[in-house]
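Secondary and tertiary structure notes
So you can see what is in the structure, the chains are spelled out below.
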Amino acid sequence: VEATTQLSYALDTFYFLVMGALVMWMAAGFTMLEAGLVRAKNTTEILTKNIALYAISCVMYLLCGYNIMYGDSINSVIPGISFLLGPDNTAEAVLAGDDDAPYYSNLADFFFQVVFVATAMSIVSGAVAERMKLWAFLSFCVILTGFIYPVQGFWKWGGGFLDQAGFLDFAGSGVVHLTGGAAALAGVLLLGARKGKYGPNGQINPIPGANMPLATLGTFILWLGWFGFNGGSELKVSNIMEANAVSMVFVNTNAAAAAGVLAALITARIMFGKADLTMALNGALAGLVAITAEPLTPSPGLASIVGAIGGILVVFSIVTLDKLKIDDPVGAISVHGVVGMWGLIAVVLSNPDATLSAQLLGLFTILAWVFITSLIVWAIIKAVMGIRVSEEGEFEGMDLADCGIEAYPEFTGSHGSGK
Amino acid sequence: VEATTQLSYALDTFYFLVMGALVMWMAAGFTMLEAGLVRAKNTTEILTKNIALYAISCVMYLLCGYNIMYGDSINSVIPGISFLLGPDNTAEAVLAGDDDAPYYSNLADFFFQVVFVATAMSIVSGAVAERMKLWAFLSFCVILTGFIYPVQGFWKWGGGFLDQAGFLDFAGSGVVHLTGGAAALAGVLLLGARKGKYGPNGQINPIPGANMPLATLGTFILWLGWFGFNGGSELKVSNIMEANAVSMVFVNTNAAAAAGVLAALITARIMFGKADLTMALNGALAGLVAITAEPLTPSPGLASIVGAIGGILVVFSIVTLDKLKIDDPVGAISVHGVVGMWGLIAVVLSNPDATLSAQLLGLFTILAWVFITSLIVWAIIKAVMGIRVSEEGEFEGMDLADCGIEAYPEFTGSHGSGK
Amino acid sequence: VEATTQLSYALDTFYFLVMGALVMWMAAGFTMLEAGLVRAKNTTEILTKNIALYAISCVMYLLCGYNIMYGDSINSVIPGISFLLGPDNTAEAVLAGDDDAPYYSNLADFFFQVVFVATAMSIVSGAVAERMKLWAFLSFCVILTGFIYPVQGFWKWGGGFLDQAGFLDFAGSGVVHLTGGAAALAGVLLLGARKGKYGPNGQINPIPGANMPLATLGTFILWLGWFGFNGGSELKVSNIMEANAVSMVFVNTNAAAAAGVLAALITARIMFGKADLTMALNGALAGLVAITAEPLTPSPGLASIVGAIGGILVVFSIVTLDKLKIDDPVGAISVHGVVGMWGLIAVVLSNPDATLSAQLLGLFTILAWVFITSLIVWAIIKAVMGIRVSEEGEFEGMDLADCGIEAYPEFTGSHGSGK
């Protein structure tokens, strides 16, 4: 094998690992975002959920998820099933001059993919926060990461029927974000709103999060991690064209997020009269979700517009869901579900290979698959072990009910107050 | 094109993107640092300012800043003006064997540069914290990032007259940090001190920050990001000499920061009798700012000395500014302005190409340009919409006045207290 | 020199720098972890300790540590001594076609190594938290980072007698983590437990940490940084075999941590009946420490088992140390010392070159060397300046006693309360 082939393989592999490490960091981002947006009494529990869901995602994807998504399939709808990663014979294939040999380590690919699964699951934890039982949540996590996510992932990224139908989803506005949003919506519908969120006469009571700096930190972490999420999804960097493509993805990802912040900030200013920090944060995330389905083909100007529309959309979506009494403490369904759909549609604005019909096919397939299977799984868990904490547990806080450790034992005067 | 040219281009581009991602992370660092050093009642507002200024920086630099700084200029003093990035024809140029073809993606360069602008602007938000109106601040941000910064950036990094005069500023002790410090000083002079900071009989009242762990986290984030800031400013890594140079920059950057911590800690211990954490944090940043103008040519030992002097200087500067009743809640003017000047001068200690006269020319040019234009812009904003919140708003806190969301609603017993 | 040699050198150097930056980030991780697990009144002091210890580590390792560890030695037991880094003549050697020439910058190597020293020292600060004098701690830091650590590092990684005896320690379960744990144990034994931790009738009083989100953030930071810690310890990435090896290290490191979380969470659930967040966090770290001695040769399945055993072990170790009245506020001795030993032994499960006898030789040599020298140094410091704060200082909090700045002045109603 020539030295340049070796170097190219090494550079692409290293690029995957660095991008994967950035995506892994998003787990911390979701954790901080959610910990900042819940009340103090539910903080330890959301922290526990987040680190545990990341761990479960890694275990389940190693156990079977990756193989379902990328293994030998039965046909373009039904994936195959096998357990644990096979031996890595990449090097033998490359060194033998095999034309089909991968140009980067398949273990690096696994690492990059596994952190995506965790991202999808992280979306759910925010939406069901402050009232779902810890162990019910973790049980759902096992099924989503080991089965629901990999199946639809196979349909698109594993070469299944959505891919064959021309559905485009560069880094996962649909495969990852809409999946998370749809699973969250199913959970929230079965779970109901937090006590006191919606008053008897139709009023909507704001329940402010306990720690805004944490929520902001989480958003910045996610923004940083997204360079890995989108940038790594180009899947190659080792020649001029690919290096330029990855650079374009970075620039557009950043531009969309920035435009999302400003659009959401201004929209909220007009609607509420104040500079609403949580809307600005959700605007950043909405911009990022919106550009994720196609961060390569737009110009930076168009990317800004795609992100800005995401930022506007998220404000209206959050307000609308509240009117529908769909209680989502962190806005995850709006940010990832609603804006994820916008991202899938926006692909047609710049990518000549995209068709609206294929995008809608992908959108509704993912939405239907994830929402229906999730609803079934949540319902089974509800029947078996219950999904909602007791009324007393909710009043006193999840931390005492599930974890036995307070998040801020010295800062909140009256422990377990309804505050 | 040969395979090695392709690989070299890809490696340099990837290096730019990774370094740029680290610099982007500094936005989170400034946010956490400032959020930790203000009082609880002004925290949501400083968070909002920081994420919004990052977003505005990205939009303005895309819209016109980058073109002013690096586009076709009229002469060595007056830059050109054009809007939005042109099409990326890097690949064509390289593949055509054009001798002037860039050796890395110009989009990667844009990404790296855009995060520098945000750094300069982040410096300002700390100095004017706890009393400046949000929208006045954001208006200034538009002008600084779209015009004031790019013009002086053109003078040095865009090949303008400061560059031609032999002024050296490797990664921006002047172009970035002194710029931020000078703009901040202009703002603070027009704005005045926080209520209660300086007593009628000359006493200086400490106003402790609400959250030391956040401030420390912010400092560590900045330290990490600085490896991208300085390391990426070598602009190339893909051969032996350049790889060694980037390594030297990393080692010296780290050494200067470490020495800055210890120098500031010991200086403060001698002066105040205590181990002052905020001085240690500012010492780290001062060490980093000091080495930024020349992190390549010093030995690690000399880099430590340059950083240590920065660490000592920052303590004296903070004390002195307080005596002058220039109220800077986070010490930004001292860290970035005063130590930035030291950094520019320190170049002559190790770089044989540097002259004191050229360094002073650059220093005073940047200082004068940024200070005067900023003073004018702040004055116009003051006349049009006012820059200072009402006395009641300041007493109750910026969070309620501007944002309507408290940062820590459950932790501070008496909301909006003067505390 | 051929272009491919240049590129290979550049890629390996860049890889070292990126991995080193990730390890440097671990300093922030330890800081946040420890700041979250102590009480509010001791938080500023632990923050000060952490940033100062990082700075001291960098200065001492530059001054003499690196030269002791990797310089010309007297024999395989006694290292040499010299000061400051020599000039970097890497480029000359490579360009001259020297066969022994390094394949990457020795400055990049220094950067990577220096952040390891700080990691070892970070382990100590957590164990002695809430009662050790700041300046006594920093004095010990000078000796550990400048002498104790480098000597045993020389024995293994510098090619000394442990290396010659076949002792294997890929990234430092022993050289770094057991070293930190042993030094911490020596300090804790001389220091005694915190007031009120152990009651007169044998009861063990929990002293909850003040800020669980910080502790969780710290754990995620460490998890991310560990990809650099283990991934960089492969020392090369620039060909197919090495790129695959680094990928395997990433996958195994992540798998072990994930399994550690779940194992500790379940173990604690069985033992205590609750989902214990701090045990989950320690489980993640235990999984990481356990896999650090050999993250390359296990399959991901075996890596998960090694990590899971680490996660179980850490729960039992923490409970046992408490029964022995060895007071370790953050569990550092268990995580890094006890699980570090497990990691060293676990090498024999997958690496055919490992022998149990060589592993035990290395384990006991490091343990004995570090524990005994640390005990002596702590004892000298105790005799000279004392190591424990006054009873009043401990009651009021280290922040007031040593630092004069409260960490959260607005959140804790009764400053300096025993709470």
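Criteria and thresholds
- Along each chain, the written sequence defines residue order, and numbers are assigned to residues from 1.
- To read the labels, note that chains go from A and ligands from 1, taken in the order they are written.
- Thresholds applied to this predicted model are a pLDDT of at least 70 for local features of residues and 80 or more for the giving and counting of side-chain atom pairs; totals over whole chains, interfaces and linings are not thresholded and use all residues.
- Side-chain numbers here rest on the full set of heavy atoms in the structure, without hydrogens or water.
- The fit set for superposing copies consists of C-alpha atoms from residues with pLDDT of at least 70 in both; the fit itself is least squares.
- Any pair of residues with heavy atoms lying within 4.5 Å of one another is described as a contacting pair.
- Note: buried area is the sum, over both parts, of the accessible area (probe 1.4 Å) each one loses when the two are combined.
- Salt bridges are identified by distance alone: a Lys or Arg side-chain nitrogen within 4 Å of an Asp or Glu carboxyl oxygen.
- By the criterion applied in these results, polar contacts are pairs of N or O atoms within 3.5 Å in which, for protein atoms, one can donate a hydrogen and the other can accept it, and in which residues neighboring in sequence qualify only through two side-chain atoms.
- For helices the rule is a DSSP run of H or I covering at least 4 residues; for strands it is a run of E covering at least 2, with both sets numbered from the N terminus onward.
- Charged residues are taken to be Asp, Glu, Lys and Arg, nonpolar residues to be Ala, Val, Leu, Ile, Met, Phe, Trp, Tyr, Cys and Pro, and polar residues to be all remaining types, Gly included.
- For a helix, the expected span equals 1.5 Å multiplied by the residue count minus one.
- Values of bend correspond, residue by residue, to the angle between axes fitted over the seven residues ending at that residue and the seven starting there.
- With a 1.4 Å probe rolled over the protein chains alone, any residue whose accessible area is under 20% of its type maximum counts as buried; one over 50% counts as exposed, and the rest are partly exposed.
- Surface patches are defined over residues having more than 30% relative accessible area and no salt bridge, joining like charges when they lie within 9 Å and nonpolar side chains (Val, Leu, Ile, Met, Phe, Trp, Tyr) when within 5 Å.
- Using a 1.4 Å probe, accessible areas were evaluated by the Shrake-Rupley method; residue-level cover was limited to the displayed protein chains.
- In this scheme Phe, Tyr and Trp rings, the latter by its six-membered ring, pair at centre separations within 6.5 Å, and the angle between planes marks the pair as stacked below 30 degrees, edge-to-face above 60, and tilted otherwise.
- Throughout this description, the term charge over a ring refers to an Arg CZ or Lys NZ atom that lies within 6 Å of the ring centre and within 35 degrees of the ring normal.
- Here, the term nonpolar core denotes a set of buried Ala, Val, Leu, Ile, Met, Phe, Trp, Tyr and Cys residues that are joined through side-chain atoms within 4.5 Å.
- One confidence number per residue, pLDDT, is output by the predictor and ranges from 0 to 100.
- Axis definition: a line fitted to C-alpha atoms, over the contacting stretch in the case of helices. Angles run 0 to 180 degrees between N-to-C directions.
- Should an angle fall under 35 degrees it is taken as roughly parallel, and over 145 as roughly antiparallel, whereas 65 to 115 is taken as roughly perpendicular and any remaining angle as oblique.
- Left-handed describes a crossing whose near helix is turned anticlockwise from the far helix by less than a right angle; the clockwise case is right-handed.

As a further point, take the relation of the copies chain B and chain A. Turning chain B through 120 degrees and shifting it by 0.0 Å along the axis lays it on chain A, with an RMSD of 0.0 Å. The superposition operator between the copies reduces to a three-fold rotation axis. Looking at the rotation axis and the C-alpha trace of chain B, the residue lying nearest is Phe-411 of chain B, at 3.0 Å. Looking at the interface residues of chain B, only 16% of them are also at the interface in chain A, so each copy uses its own face.

With that settled, the discussion passes to the interface of chain B and chain A. Counting residues at the interface gives 62 residues for chain B, matched by 58 residues for chain A. Counting each side, the surface lost to burial between chain B and chain A is near 4,800 Å², with a carbon and sulfur contribution of 81%. Connecting chain B to chain A are 0 salt bridges. Here chain B and chain A share 9 residue pairs in polar contact (both at pLDDT 80 or more) between them. Breaking the side of chain B that touches chain A down by element, the ones donating at least two residues are α1 (3-37), α2 (43-70), α3 (90-95), α4 (106-127), α5 (134-156), α8 (212-232) and α15 (398-403) of chain B. No other element matches the 18 residues that α1 of chain B contributes to the side of chain B that touches chain A. Among the residues making up the side of chain B that touches chain A, the classes are represented as 46 nonpolar, 12 polar and 4 charged.

With that out of the way, let us pick up the relation of the copies chain A and chain C. Between chain A and chain C, which share one sequence, the superposing operator has a rotation angle of 120 degrees and an axial displacement of 0.0 Å; the RMSD is 0.0 Å. Of all interface residues in chain A, a mere 16% are interface residues in chain C too; the two copies therefore contact each other through different surfaces.

Before going further, it helps to examine helix α8 (residues 212-231) of chain A. All names here are of chain A. Its 20 residues give α8 an end-to-end C-alpha distance of 28 Å, which sits within 8% of 28 Å, the value for a rise of 1.5 Å per residue. The largest bend in α8 comes to about 30 degrees, at Gly-225. Taking burial as the measure, the 20 residues of α8 include 20 buried ones, the bulk of the element.

Before going further, it helps to examine a nonpolar patch on the surface. All names here are of chain A. Taken together, the side chains of Ile-266, Ile-270, Met-271, Phe-272, Ile-312 and Phe-316 define a hydrophobic patch exposed on the protein surface, amounting to about 570 Å² of accessible area. Listed by contribution, the elements that provide at least two residues to the nonpolar patch are α9 (240-272) and α11 (300-323). With 4 residues, the top contributor of residues to the nonpolar patch is α9. Its place among the elements puts Ile-312 in helix α11.

Once that is clear, we can look at the packing of aromatic side chains. Tallied over the entire structure, the rule returns 81 aromatic pairs over all chains. Centroid distance Phe-116 of chain A to Trp-157 of chain A: 6.0 Å. Interplanar angle 75 degrees. Geometry classified as edge-to-face. Of this pair, Phe-116 of chain A sits in helix α4 (residues 106-127) while Trp-157 of chain A sits in the loop between α5 (134-156) and α6 (161-164), and the two are 41 residues apart along the sequence. Aromatic side chains Tyr-66 of chain B and Phe-110 of chain B sit 5.2 Å apart centroid to centroid with 90 degrees between the ring planes, which places their arrangement in the edge-to-face category. Of this pair, Tyr-66 of chain B sits in helix α2 while Phe-110 of chain B sits in helix α4, and the two are 44 residues apart along the sequence. Tyr-66 of chain B sits in the buried class, given a relative accessible area of 12%. Positioned above the aromatic ring of Phe-395 of chain B is the side chain of Lys-41 of chain B, whose terminal nitrogen or guanidinium carbon lies 5.7 Å from the ring centre. If you follow Lys-49 of chain C out to its NZ or CZ, it ends over the ring of Phe-137 of chain C, 5.3 Å from the centre.

Turning next to the interface of chain A and chain C. Between chain A and chain C, the contact holds 62 residues from the first and 58 residues from the second. Overall, the association of chain A and chain C removes approximately 4,800 Å² of surface from exposure, summing both partners, and the carbon and sulfur fraction of that is 81%. For the pair chain A and chain C, the number of links is 0 salt bridges. Seen at the junction of chain A and chain C, the total is 9 residue pairs in polar contact (both at pLDDT 80 or more). For the side of chain A that touches chain C, the leading source of residues is helix α1 (residues 3-37) of chain A, giving 18 residues. Looking at the side of chain A that touches chain C, its residues break down into 47 nonpolar, 11 polar and 4 charged.

The subject of this paragraph is the pattern of salt bridges. Within this structure, the stated rule accounts for 24 salt bridges over all chains. In this structure, the salt-bridge partner of Asp-163 of chain A is Lys-156 of chain A, at a minimum N-O distance of 2.8 Å. The partly exposed category is assigned to Asp-163 of chain A, whose relative accessible area is 33%. Glu-130 of chain C serves as the salt-bridge partner of Arg-194 of chain C, at 2.4 Å between the closest nitrogen and oxygen.

An α-helical turn contains 3.6 residues, so any two residues separated by three or four positions project in the same direction. Residues and elements named next belong to chain A. Compared with the 48 Å implied by 1.5 Å per residue over 33 residues, the 48 Å span of α9 between its first and last C-alpha is a close match. Burial within α9 is extensive, with 27 of its 33 residues counted as buried. Following α9 by one or two positions, Gly-273 has its phi on the positive side, about 80 degrees.

Generally speaking, nonpolar side chains in soluble globular proteins are found buried as a group. With 485 residues, the main nonpolar core has Trp-25 and Trp-223 of chain A, Trp-25 and Trp-223 of chain B together with Trp-25 and Trp-223 of chain C as its most contacted residues. Other than its neighbours up to four places away in sequence, Trp-223 of chain B contacts Asn-254, Ala-257, Ala-258, Val-261, Ala-284 and Leu-288 of chain B together with Met-24, Ile-51 and Tyr-54 of chain C.

Negative phi characterises most residues that are not glycine, and trans characterises most peptide bonds. In the Ramachandran plot, Glu-130 of chain A falls in the positive-phi region, its phi being about 75 degrees despite a non-glycine side chain. Mapped onto the fold, Glu-130 of chain A is located in the loop between α4 and α5. Positive phi values are uncommon outside glycine, yet Lys-325 of chain C reaches one of about 60 degrees. The topology assignment puts Lys-325 of chain C in the loop between α11 (300-323) and α12 (332-346).

Turning next to the environment of Arg-388 of chain C. Residues and elements named next belong to chain C. Among the secondary structure elements, Arg-388 is positioned in the loop between α13 (356-385) and α14 (391-396). Take Arg-388: its relative accessible area is 22%, and that puts it in the partly exposed class. As for Arg-388 and Ala-136, which are separated by 252 residues in sequence, their C-alpha atoms are 8.4 Å apart. Among the polar contacts made by the side chain of Arg-388, one reaches the main-chain carbonyl oxygen of Leu-191 at a distance of 2.8 Å. A polar side-chain atom of Arg-388 sits 2.7 Å from a polar atom in the side chain of Glu-394.

On to the confidence of the model for chain A, then. Per-chain confidence: chain A averages 95 in pLDDT, with 98% of residues scoring 70 or above. Below a pLDDT of 50 lies the segment residues 414-419 of chain A, which in the model reaches 15 contacts outside its immediate sequence neighbourhood of four places, other chains included.

Residues and elements named next belong to chain C. Along the polypeptide, Ile-51 turns up in helix α2 (residues 43-70). Exposure remark for Ile-51: the relative accessible area of 1% places this residue in the buried category. Between the alpha carbons of Ile-51 and Phe-229 there is a distance of 19 Å; along the sequence they are 178 residues apart.

Glancing now at the side chain of Ser-233 of chain A. Looking at the element boundaries, Ser-233 of chain A is found in the loop between α8 and α9. For Ser-233 of chain A, the contacting residues outside a window of four places in its chain are Tyr-15, Phe-112, Phe-116, Phe-170, Ala-171 and Gly-228 of chain A.

Moving on, we come to the packing of α1 of chain A against helix α1 (residues 3-37) of chain C. Geometry of a packed helix pair, given as the angle between the helix axes and the separation of the axes. Running from amino to carboxyl end, α1 of chain A crosses α1 of chain C at an angle of 15 degrees, the nearest separation of the two axes being 10 Å. One element, α1 of chain A, and the other, α1 of chain C, form an angle in the roughly parallel class. The way α1 of chain A lies across α1 of chain C gives a crossing that is left-handed. For the pair α1 of chain A and α1 of chain C, the contacting residues are Ala-3, Thr-4, Leu-7, Ala-10, Leu-11, Phe-14, Val-18 and Trp-25 of chain A in the first and Thr-4, Leu-7, Ser-8, Leu-11, Phe-14, Tyr-15, Val-18, Met-19 and Trp-25 of chain C in the second. Here the residues of the contact of α1 of chain A with α1 of chain C are counted per class, giving 14 nonpolar, 3 polar and no charged.

Quick look at the side chain of Ser-334 of chain C now. Residues and elements named next belong to chain C. Here Ser-334 lies in helix α12. Here the side chain of Ser-334 touches Ile-318 through a polar contact of 3.4 Å, landing on its backbone nitrogen. Sequence-distant contacts of Ser-334, that is, excluding residues within four places in its chain, are made with Val-314, Ser-317, Ile-318, Leu-321, Asp-328 and Val-339.

Below, the discussion takes up the packing of α5 of chain A against helix α7 (residues 173-191) of chain A. Residues and elements named next belong to chain A. Following both chains from N to C, one finds α5 and α7 inclined at 140 degrees, their axes separated by 10 Å at the closest point. When the interaxial angle is binned, α5 and α7 end up oblique. You can see that α5 and α7 cross each other, and the crossing is right-handed. Facing Phe-140, Leu-144, Tyr-149, Gln-152, Gly-153 and Lys-156 of α5, the residues of α7 in contact are Gly-174, Val-175, Val-176, Thr-179 and Ala-183.

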